[in-house]
Amino acid sequence: MHPKPRESQLRLKKNRILGHIFREGEASRFALARRLNINASTVGKYVEEFLEEGVLIEDARRGSRRGRVPVAVRLNPSHGCFLGIDFEALRARAVLTDFAGGPLFRREVPFRPGAGCGRVMATVVAMARALA
């Protein structure tokens, strides 16, 4: 079953918000709304959802200027991990990152010449299990 068009649009906006924060490292709600051309109240609603879920965390308020001080949000590194694996004819590489993309562990394993498909896959699977 395919998602409804409105659900797809909402999901796209959420993905754009998280993608922007991932690329920039942090952003205020106002900056997100301006940069992504999304209604400020919609951005605020989604950011609050992400904060409640633990996906984002707020940075402490900064600055001494007059008026409302923007509060930056960023990805919560302890929300989860990502495992990336790349393998080719000569070696396999794996990296484990925190949710914000910070590297936690890297590993590279060379393959022996003439290693068969089964041996290559066993090495890749063992590397993934070790990092996971």
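What comes next is a walk through the structure. It should be emphasised that the depicted structure is a prediction, and the values quoted were computed from it without experimental measurement. (Residues numbered from 1 in each chain as written. Predicted model: local features only at pLDDT ≥ 70, side-chain atom pairs only at ≥ 80, totals over all residues. Heavy atoms only, no water.)

## Details of the sheet that holds strand β2 (residues 56–58)
The strand order across the open sheet formed by three strands is β1-β3-β2, and the pairing between neighbours is antiparallel. Each end of this open sheet is capped by a strand with a single partner; those strands are β1 (27–28) and β2. Where β2 meets strand β3 (residues 72–75), three bridges bridge the pair, whose relative direction is antiparallel. Bridging across to β3, Leu56 finds its partner in Leu75. (Pairing = 2+ DSSP bridges. Helix = DSSP H or I, 4+ residues; strand = E, 2+ residues; numbered from the N terminus.)

## A look at the pattern of salt bridges
Enumeration according to the criterion identifies nine salt bridges in this entry. Here Glu49 and Lys14 are joined by a salt bridge, their closest N and O atoms 2.9 Å apart. Of this pair, Glu49 sits in helix α3 (residues 40–53) while Lys14 sits in helix α1 (residues 5–24), and the two are 35 residues apart along the sequence. On the accessibility criterion, Lys14 (25% relative accessible area) is partly exposed. Here Glu88 makes a salt bridge to Arg93, at a shortest N to O gap of 3.9 Å. (Salt bridge = Lys/Arg side-chain N within 4 Å of Asp/Glu carboxyl O. Buried < 20%, exposed > 50% of the residue type's maximum accessible area, 1.4 Å probe, protein only.)

## Things to note about the packing of helix α2 (residues 29–36) against α3
The N-to-C vectors of α2 and α3 enclose an angle of 125°; their axes lie 9 Å apart at closest approach. When the axes of α2 and α3 are compared, the pair comes out oblique. As for the relative orientation of α2 and α3, their crossing is right-handed in sense. Across the interface between the two elements, Arg29, Leu32 and Ala33 of α2 pack against Ala40, Val43, Gly44, Val47, Glu48 and Leu51 of α3. A per-class count over the contact of α2 with α3 returns six nonpolar, one polar and two charged. (Axes fitted to C-alpha atoms, helices over the stretch in contact; angles between N-to-C directions. Parallel < 35°, antiparallel > 145°, perpendicular 65-115°, else oblique. Left-handed = near helix turned anticlockwise from the far one by under 90°. Contact = heavy atoms within 4.5 Å. Nonpolar A, V, L, I, M, F, W, Y, C, P; charged D, E, K, R; others polar.)

## Looking at unusual backbone geometry
One non-glycine residue, Asn37, lies in positive phi territory at about 55°. With respect to the helices and strands, the residue Asn37 is situated in the loop between α2 and α3.

Function-wise, these values are silent; they only describe arrangement.
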